[in-house]
Amino acid sequence: MSEILCQWLNQELKVSQTVSPKSFAKAFSNGYLIGEVLHKFALQDDFAEFSESRISSAKLNNFSRLEPTLHLLGVQFDQNVAHSIITEKPGAATKLLYQLYIALQRKKKGVLTGVETQTMQPLTNTKVQNVKSETFRDQRLSRRRQNEIMAKIQAAIIQIPKPASNRILKALDTQKMLKKKKEAEDVANEIKKFEALIKKDLQAKESASKTSLDTTDQTTTDLLNTYSDDDYIKKIQKRLEEDAFAREQREKRRRRLLMDQLIAHEAQEEAYREEQLINRLMRQSQQERRIAVQLMHVRHEKEVLRQNRIFREKQYEERRLKDFQDALDREAVNNISLKNPPKVTFDPSYQVKALARQAKIDFEEHALRVKEIHEQIAVERVQAHYKKHYSICAEILDQILDLSTKVADYRMLTNNLIPYKLMHDWKELFFNGKPIYEQASLKHLPAKLSAEQLTELEKRDLLDNNDYEEYKVPTDVE
């Protein structure tokens, strides 16, 4: 499958990098070549914003731009798939490219399903026609606009990525300020768009109200012909003004409600960020305390080792002085018969030489003793090995002699061929290492059995078990 995909990429699409089965996972780990493939099929309009770099931010940018296009094509793609491709997991990039290849071939042949063609076509704005009641139309339009504004506000919210452990607080604060400014700008733009839509709606309603006023003027002139009452006209004008004022108040209340919801959402996000920051700082402080405890423990162990070393050096120094004094005493005893015994003086260099000479003699004696022990162990091992093999060979040879003598005795006595059952029993005893000749009698068994009687019982049990197995599974014997 990898060779087919490489041939498709290199020969048919002619991508910018040559892809081979060995470098398949590495070539597609940053998502650039996937965007190039979609761009060649006119499905990735923002390919100019893709990056060939292999840093984590560039990979995140590329795969975030690829996700909606892959979902429109019906290719299975999520955070786990992206992580597998980025970490160059074997088979992840091949599986995604194979699914993309199938989807693009279906698009090329024009066999997309109705749902897929509907999702890939741009959405069109439909107008509501033939509305019987003006109040119902206002409610419908206001509800739809409110849903659109809330959807845009939700889309404008920037998810704060988890910062790295080595990022300093100053960088976090600056990043938060930039994101807050961007969120505020996006919200302000959405509010401006919403106000523009409201103004357009009000202008349309004013034009409709003007036409209705013209019609009302005509009706009032007709009514004046029949009714000459000015109070009725004033009531109609007052009612129209109250309706316009009520509409303006409704729009203001709606805008105030949207602003309150936006402020509450921002406060909730800010509280969530502060909670995350506090948790991160608490985890960091716990790790610092744990490291401090480990460091103190290591320092304590180091101090104990140093004190032990000092104490051992003192013991060595005392032992050297004692050995040197003993050597001097021995020389004094040897020279006591002289008239003028030499004066004993303390010479450090002589002490060191004497200790080195004595250490050399001790080392040579120890080496000789170790060598002798090693040779003795080697000889004992060879003897044990020889005895083991000798006993095994002797036992096998004794069994072979027993079997051969048993066969010879039977042929000499009967002058006939040995029956299959008898020969089979002898073979079983031979294979299991049991003696063929009878070692002891089993007619009168005492309370405490001897070794020979135990051997005979084992032989009998073995033959009985073989007979039972042959009885269960009979075989044809010629």
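What counts and what doesn't
- Residues numbered from 1 in each chain as written.
- Predicted model: local features only at pLDDT ≥ 70, side-chain atom pairs only at ≥ 80, totals over all residues.
- Heavy atoms only, no water.
- Phe/Tyr/Trp six-rings, centres within 6.5 Å; stacked < 30°, edge-to-face > 60°.
- Buried < 20%, exposed > 50% of the residue type's maximum accessible area, 1.4 Å probe, protein only.
- Helix = DSSP H or I, 4+ residues; strand = E, 2+ residues; numbered from the N terminus.
- Contact = heavy atoms within 4.5 Å.
- Patch = residues over 30% accessible without salt bridge, like charges linked within 9 Å, V, L, I, M, F, W, Y side chains within 5 Å.
- Areas by Shrake-Rupley, 256 points an atom, 1.4 Å probe, with all protein chains shown as cover.
- Salt bridge = Lys/Arg side-chain N within 4 Å of Asp/Glu carboxyl O.

S.K.: What is the right way to look at the packing of aromatic side chains in this model?
M.R.: How two aromatic rings sit relative to each other is given by the distance of their centres and the angle of their planes. Throughout the structure, instances matching the rule amount to eight aromatic pairs. Ring geometry for Phe47 versus Phe50: centroids 5.6 Å apart, planes at 35°, classification tilted. The buried category is assigned to Phe50, whose relative accessible area is 8%.

S.K.: Help me understand the side chain of Asp425 in this model?
M.R.: As for its position among the elements, Asp425 is in helix H12 (residues 420-431). Aside from chain neighbours lying at most four places away, what touches Asp425 is Leu463 and Asp467.

S.K.: Hey, could you run me through a nonpolar patch on the surface in this one?
M.R.: Taken together, Ile392, Ile396 and Ile400 make up a surface patch of nonpolar side chains, about 240 Å² in accessible area. Take Ile400: it is sitting in helix H11 (residues 348-414). With a relative accessible area of 41%, Ile400 lands in the partly exposed category.

S.K.: Could you clarify how one ought to interpret unusual backbone geometry in this entry?
M.R.: Working note: non-glycine residues mostly have negative phi, and peptide bonds are mostly trans. Non-glycine residue Lys14 carries a positive phi angle of around 55°. Summarising the element assignment, Lys14 is placed in the loop between helix H1 (2-13) and helix H2 (24-27). With a phi close to 60°, Glu88 is a non-glycine residue in the positive phi region. Mapped onto the secondary structure, Glu88 falls in the loop between helix H5 (79-86) and helix H6 (92-109). We classify Glu88 as partly exposed; its relative accessible area is 37%.

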